[in-house]
Amino acid sequence: VQLQAFGGGLGQAGGSLRLSCAFSGRTFSNYRMGWFRQAPGKEREFVAAINKSGASTYYADPVKGRFTISRDNAKNTLYLQMNSLKPEDTAVYYCAASFYYYSDYDSPRRYSDWGQGTQVTVSS
C-alpha cells in the first residue's frame, strides 16, 4: 500500500483547507482509513476515521463539527475538509490505512500503512 497526502499549506484562522490522500497498491475499498496529526513536541493524535464504504465516520472532539472526512472509492482517494480552522490545528497531517476492523480506530497502532504527512499551518 502506498499513501500520499497533499493539500496542506498555510491557512488563516476561520478559513478552510482540504487535504487529499491518494491510495495505491491494493484495493482501496477494502481498507478503513484515518487521519492523524502531530504537532511539534506532541504525540500523534487521532483526527478522524471512515469505514470502507464511507457510510460511517468518526471524529476527535477537537475537530467535531469543523472537519469532515470522506472518501471516493472510484478515485482511490481519501479527503479531509477542514473548516473554521484554529491555530491549534497546526500540525503535520497523516493519512493511514487499516485492512482489519478494530474498535479502537483512534489508536495509531491499528493502522498498518501511513502516508508521508502534509504540513498544515494556521495563522491567527
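Residues numbered from 1 in each chain as written. Predicted model: local features only at pLDDT ≥ 70, side-chain atom pairs only at ≥ 80, totals over all residues. Heavy atoms only, no water.

Undergrad: Talk me through the nonpolar core; I want residue IDs and the actual numbers.
TA: The biggest cluster of nonpolar side chains holds 33 residues, and the ones touching the most others in it are Met33, Trp35, Leu78, Leu80, Met82 and Tyr93. Those elements giving two or more residues to this core turn out to be β1 (2-6), β3 (17-24), β4 (32-38), β5 (45-50), β7 (67-72), β8 (77-82), β9 (91-98) and β11 (118-123). If near-sequence neighbours (up to four positions away) are discounted, methionine 33 is found in contact with Leu3, Phe23, Phe28, Ala48, Ala49, Ile50, Ile69, Arg71, Leu78, Ala96, Ala97 and Tyr111. (Core = buried A, V, L, I, M, F, W, Y, C linked by side-chain atoms within 4.5 Å. Buried < 20%, exposed > 50% of the residue type's maximum accessible area, 1.4 Å probe, protein only. Helix = DSSP H or I, 4+ residues; strand = E, 2+ residues; numbered from the N terminus. Contact = heavy atoms within 4.5 Å.)

Undergrad: Can you lay out unusual backbone geometry for me, pointing to particular residues and giving the numbers?
TA: The backbone of asparagine 76 sits at a positive phi, close to 55°, despite the residue not being glycine. Examined against the element boundaries, asparagine 76 turns out to sit in the loop between β7 and β8. One non-glycine residue, serine 84, adopts positive backbone phi at about 50°. Its place among the elements puts serine 84 in the loop between β8 and β9.

Remember, this is a structural readout, not a statement about activity or role.
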